[in-house]
Amino acid sequence: MIRVAAVGDIHMGLESRGVLRPALDTLSDCADLLLLAGDLTRHGTPEEARVVAQEVRDLPVPVVAVLGNHDHHDEQPEKVAALLEDAGVRVLEGEGTVVECGDTRVGIAGTKGFGGGFVGRSAGEFGEPLMKEFVRYSRRCADGLRTALEELEQQGCGTRVALTHFSPVADTLAGEPPEIYPFLGSYLLAEAIDTAGADLSVHGHAHAGTEHGMTAGGVRVRNVAQPVIRRAFNVYHLHAG
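Residues numbered from 1 in each chain as written. Predicted model: local features only at pLDDT ≥ 70, side-chain atom pairs only at ≥ 80, totals over all residues. Heavy atoms only, no water.

Asks: Sorry if this is basic, but what is going on with the pairing of strand β2 (residues 33-37) here?
Replies: One face of the sheet, then the other: side chains in a regular strand alternate in exactly this way. Among the five residues in β2, five count as buried, and that is most of the element. Side chains Leu33, Leu35 and Ala37 project from β2 onto one buried face, and the interleaved Leu34 and Leu36 project onto a second face that is buried too. Sheet topology places strand β1 (residues 2-7) next to β2; four bridges connect them, and they run parallel. Residue pairing for β2: Ala5 is matched across the bridge by Leu34. (Buried < 20%, exposed > 50% of the residue type's maximum accessible area, 1.4 Å probe, protein only. Helix = DSSP H or I, 4+ residues; strand = E, 2+ residues; numbered from the N terminus. Pairing = 2+ DSSP bridges.)

What follows is the structure in structure tokens.
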């Protein structure tokens, strides 16, 4: 059994030092790895990223992350990612990584993802160039996730997790105003997950959403935004593949 700890939307600022560390230090007792589902900072500044990096440095389990929209706000996502990488965090965008959990190789495929909406109520690649680019960006994120999941399968990972910031399904947005669903996720992510296959999908972003959902293909989806789970992290159990 693989124990996956996950949390997103911790939104750490300069005054957040030490807030999560006591709970994170207990991870070795309850989890095999930690997934961070984006929006780790408030405004995406390097100063805030250093706070996050210190919070997760030298944890007793491997840490894998994606960035969120807040982590892009200061337009320095590369610096944010580099500071986290320096602290030992594997930051993913359209790629995968493998975590060794005993005799099991767990593959994590990650992307921030983007919006666009869900089947029957989604944006189309039509009209103004800006609208076309909006949808194309969502599609590029989804394509990167699908390719990463497929490559992890080829590498022999029997257990695979899709890690995103934006949601792949509308299920986990229940509680949010329907008018903003197109800005909270995209069905393209779910299509990528169902096409390539995964054992679990983890995301954040929807603070007023719901924890539990599922793709059309039957993959479990969990919204781990901290305002939803209301704790330092949740732990999910996966059968070793």
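Asks: Sorry, what's going on with the sheet that holds strand β10 (residues 200-203) here?
Replies: Strand pairing in a sheet is mediated by backbone hydrogen bonds. Such pairs are either parallel or antiparallel. Taking strand neighbours across the sheet as the criterion, the six strands line up as β5-β6-β9-β10-β12-β11 in an open arrangement whose pairing is mixed. Edge positions in the sheet fall to β5 (95-101) and β11 (212-214), since each of these pairs with one other strand and no more. Each strand of the sheet is rotated relative to its neighbour by a mean of 25°, with strand direction disregarded. Pairing analysis gives seven bridges linking β5 to strand β6 (residues 104-111), with the strands arranged antiparallel. Residue pairing for β6: Glu100 is matched across the bridge by Arg105. Seen against the sheet, helix α6 (residues 129-154) touches β5, β6 and β9 (159-164) and runs at an angle of roughly 170° to β6. (Axes fitted to C-alpha atoms, helices over the stretch in contact; angles between N-to-C directions. Contact = heavy atoms within 4.5 Å.)

Asks: Would you explain the pairing of strand β3 (residues 63-66) in this entry?
Replies: Side chains Val63 and Ala65 project from β3 onto one buried face, and the interleaved Val64 and Val66 project onto a second face that is buried too. Sheet topology note: the β2/β3 ladder contains four bridges and is parallel. Following the sheet pairing, Ala37 is matched in β3 by Val66. Between the parallel pair β2 and β3, the chain is carried across by helix α3 (residues 46-56), and the sense of this crossover is right-handed. Relative to strand β4 (residues 90-91), β3 runs parallel, the two being bridged by two bridges. Note that in β4 the partner of Val64 across the bridge is Arg90. (Right-handed = clockwise from strand over helix to strand, strands pointing away.)

Asks: It is not clear to me how the nonpolar core should be interpreted in this structure. Could you clarify?
Replies: The nonpolar side chains of a soluble globular protein tend to be buried, and buried together. If you look at the biggest cluster of nonpolar residues, it comprises 51 residues, and the most contacted ones within it are Leu27, Leu34, Leu35, Leu84, Ile108 and Val202. Setting aside residues no more than four positions away along its own chain, Leu27 makes contact with Ala5, Leu34, Leu59, Pro60, Val61 and Phe233. Counting 16 residues, the second-largest nonpolar core is a separate cluster that includes Ala142, Leu145, Leu188 and Ala192. (Core = buried A, V, L, I, M, F, W, Y, C linked by side-chain atoms within 4.5 Å.)

Asks: Explanation requested: the packing of aromatic side chains in the structure shown.
Replies: Using the criterion set out here, one finds three aromatic pairs in the structure. Seen in terms of ring centroids, Phe114 and Tyr137 are 4.8 Å apart; in terms of plane orientation they differ by 75°. Their pairing is edge-to-face. Taken together, the residues span a long stretch of sequence, with Phe114 in the loop between β6 and β7 (117-118) and Tyr137 in helix α6 at a distance of 23 residues. The class for Tyr137 is partly exposed, based on a relative accessible area of 25%. Following the ring pairs from residue to residue traces out a cluster consisting of Phe114, Phe134, Tyr137 and Phe166. (Phe/Tyr/Trp six-rings, centres within 6.5 Å; stacked < 30°, edge-to-face > 60°.)

Asks: Help me understand the side chain of Asn223, please; the structure alone is not making it clear to me.
Replies: Checked against the element boundaries, Asn223 lands in strand β12 (residues 220-223). For Asn223, the side chain forms a polar contact with the main-chain oxygen of Thr172, separated by 3.4 Å. In terms of polar contacts, Asn223 uses its side chain to reach the backbone carbonyl oxygen of Ala206, at 3.1 Å. Contact partners of Asn223, with chain neighbours within four places excluded, come to Thr172, His203, Gly204, Ala206, Gly209, Thr210, Glu211, Val228 and Ile229. (Polar contact = N/O pair within 3.5 Å; in protein donor to acceptor, adjacent residues only side chain to side chain.)

Asks: I keep staring at unusual backbone geometry and nothing clicks. Help me out?
Replies: Trans is the common state for peptide bonds, and a negative phi is the common state for residues other than glycine. With phi around 45°, His11 is a residue other than glycine that occupies positive phi space. Looking at the secondary structure, you find His11 in the loop between β1 and α1 (21-24). Classification of His11 by relative accessible area gives buried; the value is 15%. Its identity is not glycine, yet Asp58 carries a phi of approximately 60°, on the positive side. By the element assignment, Asp58 lies in the loop between α3 and β3.

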